[in-house]
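# Working through the structure, step by step
The chain contents come next:
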Amino acid sequence: MLETLSFEDLRGKVCVITGGAGVLGSTMVRAMASTGMKIAIADINKEIADEVAEEIAAESNAEVIGVAANVLDKESLEQAKTIINAKLGDIDILINGAGGNSPQATTKVEQMKEEDIDNLEDTFYGLEMEGFDKVFALNFKGTLLPTMVFTKDMLSHKKGVVLNISSMNSYRPLTKIPAYSAAKASVNNFTEWLAVHLAKVGIRVNAIAPGFFITNQNRFLVMDEKTGNFSPRGQKIVDNTPMGKFGEPEDLQGATLFLISDISNFITGVVLPVDGGYNAYGGV
Ligand code: NAD
């Protein structure tokens, strides 16, 4: 007979979440705290990481700490791991939440028209490599490096979970953001590659592909600052989401707990869309 399913296996487990001070990351931390997990918010912004950790620890009674870490710097990640091991113990779960886009890696026009040929600045040809490199590195290398560092304890226990954060852009690129789209596609590919590589040593590797949530990194693209209404791009997103709305960060909580818990013991190498049906919709 089937025993009642629960997330009880997560109680006491230690999770590191990079970028955990952000909008989506902190919502995931809240979900994990509710199960009695111990959580380290590893973020480049230590001050906000501490604030978020204190706030969530106070409201949940869970052990939550903030730790300084730059996902692009292996040494800083190793220092963070030493602190986490000393304060919380061995790491059981890693969520690679740091990521995002930047205006420096964003074209001004969606599609080139003939008149743009005389003004390449606003198109693909005007992209600065510096901005492109930064966004690509943050999302791809920023997933790879923390995984190298934070899964070492899992190897000794022959058990562990990695959860990457991908995006709808990984399946079909959105206009304007080629670096972010390519990087998230590479996160999906890496999720599958690493799931295979680590399957026999007990580490599962999956990803969540969030649909559209209004956060700091995309507000400038989807909202009209002056009117407070959706921008034409924001409206297009809603029109192409069968559920007809942006997601709430809390919508990611169930998928997060499901994929990090033993409930999904036989699931590895998948990318789970949490998107109100966006990915399933052909637009007609
Ligand atoms: P956010 O900007 O609110 O949070 C990102 C966090 O990462 C911040 O706390 C920031 O300080 C931290 N960070 C940035 N660079 C870092 C670095 N080098 N090292 C360590 N930490 C660093 O972003 P969010 O909207 O919560 O996004 C979280 C993840 O979800 C990202 O990977 C993002 O690409 C992805 N995502 C977001 C959306 C959305 O609609 N917001 C949709 C799909 C995917």
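Residues numbered from 1 in each chain as written. Predicted model: local features only at pLDDT ≥ 70, side-chain atom pairs only at ≥ 80, totals over all residues. Heavy atoms only, no water.

In spatial order, the strands read β3-β2-β1-β4-β5-β6-β7; together these seven strands make up an open sheet with parallel pairing. Both outer strands of the open sheet, β3 (64-68) and β7 (271-274), are each paired with one neighbouring strand and no more. Within the sheet, the average angular offset between the axes of one strand and its neighbour, ignoring direction, is 20°. Here strand β6 (residues 203-210) pairs with β7 via four bridges, running parallel. Residue pairing for β7: I208 is matched across the bridge by L272. (Pairing = 2+ DSSP bridges. Helix = DSSP H or I, 4+ residues; strand = E, 2+ residues; numbered from the N terminus. Axes fitted to C-alpha atoms, helices over the stretch in contact; angles between N-to-C directions.)

Now for the side chain of S186. Of note, S186 is situated in helix α6 (residues 178-198). In this structure S186 comes out as buried when scored by relative accessible area, which is 17%. Those residues in contact with S186 that lie beyond four places of it in its chain are F136 and F140. (Buried < 20%, exposed > 50% of the residue type's maximum accessible area, 1.4 Å probe, protein only. Contact = heavy atoms within 4.5 Å.)

Attention now moves to the domain arrangement of the chain. The domains assigned to the chain are domain 1 (8-211 + 250-273) and domain 2 (216-246). Domain 1 and domain 2 are separated by 24 Å when their C-alpha centres are compared. Between domain 1 and domain 2, the contact holds twelve residues from the first and six residues from the second. For the interface between domain 1 and domain 2, the tally reads two salt bridges. Viewed at the interface, domain 2 and domain 1 are joined by three residue pairs in polar contact (both at pLDDT 80 or more). Residues belonging to the side of domain 1 that touches domain 2 are distributed by class as follows: five nonpolar, five polar and two charged. (Domains from an automatic or database assignment. Salt bridge = Lys/Arg side-chain N within 4 Å of Asp/Glu carboxyl O. Polar contact = N/O pair within 3.5 Å; in protein donor to acceptor, adjacent residues only side chain to side chain. Nonpolar A, V, L, I, M, F, W, Y, C, P; charged D, E, K, R; others polar.)

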